Amino acid sequence: MAIQWFPGHMAKAKREVEEQLSLVDLVIELVDARVPYSSQNPMLQDVIQEKQKLILLMKKDLADQELTTSWINHFQEQGHYALAVDVNNQDDIKQIVKQTKQISEHINERRRNKGINPRSLRAMIIGIPNVGKSTLINRLASKKQAQTGDKPGVTKKQQWIKIQGEFELLDTPGILWPKFEEQEVGYKLAAIGTIKDQILYLDDIAVYILNTMKEHYPDALTQRYPNLNLQSEDIVEWFDAIGKKRGCLMSGGNIDYDQVADVIIKDLRQGHLGPITFDHI
């Protein structure tokens with residue numbers, strides 16, 4: 001699956017990130033906890049370079065907790081701050097504010113040592129589309145500041161937002177990069193809904209999900225689809241079994257494979273397949 005694109009608003013957003021980077025003390029990078037590596041935009045990594053970074057592993061409730069802990073340790077070993085987040089958990093939101101305040105204190109201490117007056121921390125929040133950025137901002141601000149949606153590409157422009165009197169946050173649109181060099185990265189991002197469904201073959205994505213589940217989470221797979229024969233290598237047989245169980249039928253009783261693919265993808269995105277992480281470390 002070769003996916004290449006670079007919509008105009010994403011090119012513009014990249015330029016704006018570059019232009020505003022000198023104004024901020026901290027970059028808050030949002031990644032999806034199910035794909036902590038694959039949801040890091042390599043193009044933005046080149047732009048950010050040595051800027052201090054706080055990495056938030058979003059949607060932790062949908063991810064494998066053990067692997068999430070491993071990824072947090074990995075990011076911390078790279079010299080970054082890292083937290084796992086569920087935006088619906090108030091304790092997680094408080095932890096983000098607490099961590100950001102601690103970072104601000106460290107930065108202001110360095111300012112004082114240089115004879116510079118301390119000030120409120122300025123942070124830029126970045127991430128790929130549909131990672132939960134706007135929802136997080138609204139939770140942090142305790143009111144609706146950013147437009148939200150369940151489809152990628154909702155945020156279209158930058159805006160400064162004051163967070164609980166503690167720091168200023170610059171929101172940016174979700175940005176993808178022009179080409180996925182690793183084919184599997186494209187499958188992973190498609191599976192979690194980062195890439196718009198209209199430009200992909202959903203049956204390919206569903207097959208990728210099933211194969212990944214079979215390899216790493218076979219018990220969770222058969223728990224959701226108890227009539228699935230994992231000993232079989234015939235993917236059509238798997239689709240047939242799921243289609244019959246879930247009533248994905250066309251007139252005449254034939255299996256509607258498009259509907260089966262849709263069921264599998266929705267089951268993953270809604271957490272019905274259990275906590276799963278595609279990126280292993």
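A quick note: this is a predicted structure, and the numbers were derived from the prediction, not measured.

K.L.:
Any chance you could explain the sheet that holds strand E2 (residues 53–58) here in plain terms?
P.N.:
The strands that make up a sheet are held in pairs by hydrogen bonds between backbone atoms, and each pair lies either parallel or antiparallel. Reading across from one edge, E3-E2-E1-E4-E6-E5 is the order of the 6 strands in this open sheet, with mixed pairing throughout. In the strand order of this sheet, the two ends are held by strand E3 (81–84) and strand E5 (159–163), each with one partner. Across this sheet, the average inter-strand angle for adjacent strands is 25 degrees, counted without regard to direction. Here 5 bridges tie strand E4 (residues 121–127) to strand E6 (residues 167–171), and the two strands are oriented parallel to one another. What sits directly across from Met124, in E6, is Leu170. Together, E2 and E3 form the strand contacts of helix H3 (residues 65–77), whose direction differs from that of E3 by roughly 165 degrees.

K.L.:
Honestly, the pairing of E6 in this entry has me stumped. Any pointers?
P.N.:
Consecutive side chains of a regular strand alternate in pointing toward one face of the sheet and then the other. Within E6, 4 of the 5 residues are buried, leaving the element largely enclosed by the surrounding structure. Of the strand pairs in this sheet, E5 and E6 are connected by 5 bridges, and their pairing is antiparallel. Within the sheet, the bridge partner assigned to Gln159 lies in E6 and is Asp171.

K.L.:
Would you explain the nonpolar core in this entry?
P.N.:
Here is a general trend for soluble globular proteins: nonpolar side chains tend to be buried in one another's company. If you look at the biggest cluster of nonpolar residues, it comprises 65 residues, and the most contacted ones within it are Leu56, Leu136 and Ile209. Not counting residues within four places of it along the chain, the set of residues in contact with Leu136 comprises Leu30, Leu56, Met58, Val87, Ile93, Ile96 and Ile125. Grouped together as the second largest cluster of nonpolar side chains are 13 residues, Leu21, Val24, Leu44 and Ile126 included.

K.L.:
Got a minute to help me understand the packing of aromatic side chains in this structure?
P.N.:
This structure, assessed with the given rule, holds 4 aromatic pairs. Taking the centre distance of 5.8 Å and the plane angle of 35 degrees together, the rings of Trp71 and Phe75 count as tilted. In this pair, Trp71 and Phe75 are both assigned in helix H3, 4 residues apart and thus about one turn of the helix distant. You'll find Trp71 and Phe75 in the same group, each marked buried. With centroids separated by 6.2 Å and ring planes inclined at 45 degrees, the aromatic side chains of Phe239 and Tyr257 adopt a geometry described as tilted. Here Tyr257 lies in helix H10 (residues 257–269) and Phe239 lies in helix H9 (residues 235–246), a separation of 18 residues in the sequence. Phe239 gets classed as buried once you look at its relative accessible area, which sits at 6%. Looking at Tyr257, the relative accessible area reads 37%, which means it is partly exposed. Three or more aromatic residues joined by ring pairs make a cluster, and in this case those are Tyr187, Tyr208 and Phe278.

K.L.:
I keep staring at the pattern of salt bridges and nothing clicks. Help me out?
P.N.:
Side chains that carry opposite charge are capable of pairing whenever their charged atoms lie near each other. Scanning the entire structure with this criterion turns up 12 salt bridges. The salt bridge involving Arg34 is made with Asp32; its shortest N-O contact spans 2.8 Å. Overall, Arg34 belongs to the buried group, its relative accessible area being 2%. On the accessibility criterion, Asp32 (1% relative accessible area) is buried.

K.L.:
What is the right way to read the layout of surface pockets from this model?
P.N.:
Unoccupied space between atoms shows up once a probe the size of one water molecule is rolled over them. Within this model, the second largest pocket holds a volume of roughly 420 Å³. In terms of lining residues, the second largest pocket is bounded by 24 residues, among which Tyr37, Gln40, Pro42, Gln45 and Lys53 are the most central. Tallied by class, residues from the lining of the second largest pocket come to 9 nonpolar, 9 polar and 6 charged.

K.L.:
Mind showing me how you'd approach helix H4 (residues 90–113) here?
P.N.:
Given 3.6 residues per turn, any residue in an α-helix points the same way as the ones three and four places further on. For H4, spanning 24 residues, the distance from its first C-alpha to its last is 35 Å, which sits close to the expected 34 Å at 1.5 Å a residue. For H4, the set of buried residues is Asp92, Ile93, Ile96, Val97, Gln99, Thr100, Ile103, Ser104, Ile107, Asn108 and Arg111. Looking at the packing, one finds that the buried side of H4 touches strand E1 (26–32), E2, E3, E4, helix H5 (133–141) and E6. At the N-terminal end of H4, a side-chain oxygen is found 2.9 Å from the backbone nitrogen of Asp91, two or three residues along, and the residue is Asn89. A positive phi of about 80 degrees marks Gly115, the residue just after H4.

K.L.:
What am I meant to see in the side chain of Ser104 here?
P.N.:
Inspection of the secondary structure puts Ser104 in helix H4. Residue Ser104 is classed as buried on the basis of its relative accessible area, which comes to 11%. When near neighbours in sequence (up to four residues on either side) are disregarded, Ser104 contacts Arg119 and Leu121.

Cut-offs applied
Residues numbered from 1 in each chain as written. Predicted model: local features only at pLDDT ≥ 70, side-chain atom pairs only at ≥ 80, totals over all residues. Heavy atoms only, no water. Pairing = 2+ DSSP bridges. Helix = DSSP H or I, 4+ residues; strand = E, 2+ residues; numbered from the N terminus. Axes fitted to C-alpha atoms, helices over the stretch in contact; angles between N-to-C directions. Contact = heavy atoms within 4.5 Å. Buried < 20%, exposed > 50% of the residue type's maximum accessible area, 1.4 Å probe, protein only. Core = buried A, V, L, I, M, F, W, Y, C linked by side-chain atoms within 4.5 Å. Phe/Tyr/Trp six-rings, centres within 6.5 Å; stacked < 30°, edge-to-face > 60°. Salt bridge = Lys/Arg side-chain N within 4 Å of Asp/Glu carboxyl O. 1 Å grid on protein atoms, 1.4 Å probe; cavity = no way out; pocket = protein on both sides within 12 Å on 5 of 7 lines; lining within 4 Å. Points joined across faces, edges and corners; volume = space filled by probe spheres on them. Nonpolar A, V, L, I, M, F, W, Y, C, P; charged D, E, K, R; others polar. Expected span 1.5 Å × (residues − 1). Polar contact = N/O pair within 3.5 Å; in protein donor to acceptor, adjacent residues only side chain to side chain.

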